[in-house]
Amino acid sequence: MSAPGPDLQAFLKAIASETRQAILVLFATHEALTVNQVAEAVGIGQSTASEHLAVLRRAGLLDATRAGKEVYYRPDYGRMVGSAEQLLAYLKTCARCED
C-alpha cells in the first residue's frame, strides 16, 4: 500500500483544520467572499484568514479572482467532489489490504 498522492495529501491537509472547515461551510451560503469577510465571519485575523485561504486554494478547493483591490474566493465544487472521490477510492484500497 502506497501513501496517498500529493493532490490527496493537500486535500487532507486542507480539511484537517477546524478553522478551514468553518471557512468551507461559509461557502454553503455565499457564492464569493473576500479575505476580510472570511476573517470577520470566522472570528480570526485577516492574516490568519489569508493563510487558511491559501491552503484551501493550493488544495484546489477554492478559486480566487481579483476585482480591483479585492480578491474574491469561490468554491471549486468539481475539485472538491473529485478529491472526495479520490479519498474514497484510497480508503477502499486500504480496506482491501486488510482482507
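Reading the values: rules and limits
- Residues numbered from 1 in each chain as written.
- Predicted model: local features only at pLDDT ≥ 70, side-chain atom pairs only at ≥ 80, totals over all residues.
- Heavy atoms only, no water.
- Core = buried A, V, L, I, M, F, W, Y, C linked by side-chain atoms within 4.5 Å.
- Buried < 20%, exposed > 50% of the residue type's maximum accessible area, 1.4 Å probe, protein only.
- Helix = DSSP H or I, 4+ residues; strand = E, 2+ residues; numbered from the N terminus.
- Contact = heavy atoms within 4.5 Å.
- Pairing = 2+ DSSP bridges.

**Q** Help me out: how do you make sense of the nonpolar core in this one?
**A** Most often, soluble globular proteins have nonpolar side chains that are buried together. Core analysis: the largest hydrophobic core is formed by 19 residues, its most contacted members being Val38, Leu53, Leu56, Leu61 and Leu62. Where this core is concerned, the elements lending two or more residues are helix 1 (6-16), helix 2 (18-26), helix 3 (35-42) and helix 4 (46-58). Considering each element in turn, this core owes the most residues, 4 residues, to helix 4. Once residues lying within four places of it in the same chain are set aside, the contact partners of valine 38 are Ile23, Leu26, Leu33, Ala49 and Leu53.

**Q** Would you mind going over the pairing of strand 1 (residues 62-67) with me for this structure?
**A** In this structure, strand 1 lies alongside strand 2 (residues 70-75), joined through 6 bridges in antiparallel fashion. Its bridge partner being in strand 2, threonine 65 is matched across the sheet by tyrosine 72. Connecting strand 1 to the antiparallel partner strand 2 that follows it, the hairpin turn spans 2 residues, and glycine 68 within it adopts a positive phi of roughly 70°.

**Q** I keep staring at the side chain of serine 83 and nothing clicks. Help me out?
**A** Position of serine 83 among the secondary structure elements: in helix 5 (residues 77-97). With residues near it in sequence (within four places) discarded, serine 83 still touches Leu8 and Phe11.

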